Amino acid sequence: MPMTASEIERAILAVIPDARIEIEDLAGDGDHYACTVTSEAFRGLSRVRQHKLVYDAFGTRMGTELHAMALKTLTP
């Protein structure tokens, strides 16, 4: 069963509590999302480390319950 946008948000907030999160369902199928995450936690980290921090929030759910997510990370 695919993850909902609210489940995605909860997973990210569990790891990055100060995150501001915008989620868009790209295909309307609940399986392909675009996500923008803004957090002070990203300051000083490379883009790769920022993305890893977010993707790690999903553990083994990435690629199974969460099929595809285009990710953009920002610092405030």
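Here we summarise the structure given alongside this text. Source: prediction; values computed, not measured.

What counts, and where the lines are drawn
- Residues numbered from 1 in each chain as written.
- Predicted model: local features only at pLDDT ≥ 70, side-chain atom pairs only at ≥ 80, totals over all residues.
- Heavy atoms only, no water.
- Salt bridge = Lys/Arg side-chain N within 4 Å of Asp/Glu carboxyl O.
- Helix = DSSP H or I, 4+ residues; strand = E, 2+ residues; numbered from the N terminus.
- Buried < 20%, exposed > 50% of the residue type's maximum accessible area, 1.4 Å probe, protein only.
- Arc of directions from axis to C-beta.
- Contact = heavy atoms within 4.5 Å.
- Pairing = 2+ DSSP bridges.

### A short note on the pattern of salt bridges
So, step 1. One pass over the full model with this rule turns up three salt bridges.
So, step 2. Residue Glu-40 pairs with Arg-43 through a salt bridge whose shortest N-O separation is 2.3 Å.
So, step 3. Across the pair Asp-56 and Lys-52 runs a salt bridge whose closest N-O atoms are separated by 2.9 Å. With Asp-56 and Lys-52 both in helix H2 (residues 47-56) and four residues apart, this pair spans about one turn of that helix.
So, step 4. Exposure remark for Asp-56: the relative accessible area of 48% places this residue in the partly exposed category.

### Section: H2
So, step 1. Regarding H2, the residues found buried are Gln-50, His-51 and Val-54. Taken end-on, H2 shows its buried residues confined to a sector of 95 degrees, consistent with a single buried face.
So, step 2. The inward-facing, buried residues of H2 abut helix H1 (5-15), strand E2 (32-38) and strand E3 (68-74).

### A word on the pairing of E3
So, step 1. Every second residue of E3 is oriented toward a common face, the buried set being Met-69, Leu-71 and Thr-73 and the non-buried set Ala-68, Ala-70, Lys-72 and Leu-74.
So, step 2. In this structure, E2 lies alongside E3, joined through seven bridges in parallel fashion. Bridge assignment links Ala-34 to a residue of E3, and that residue is Ala-70.

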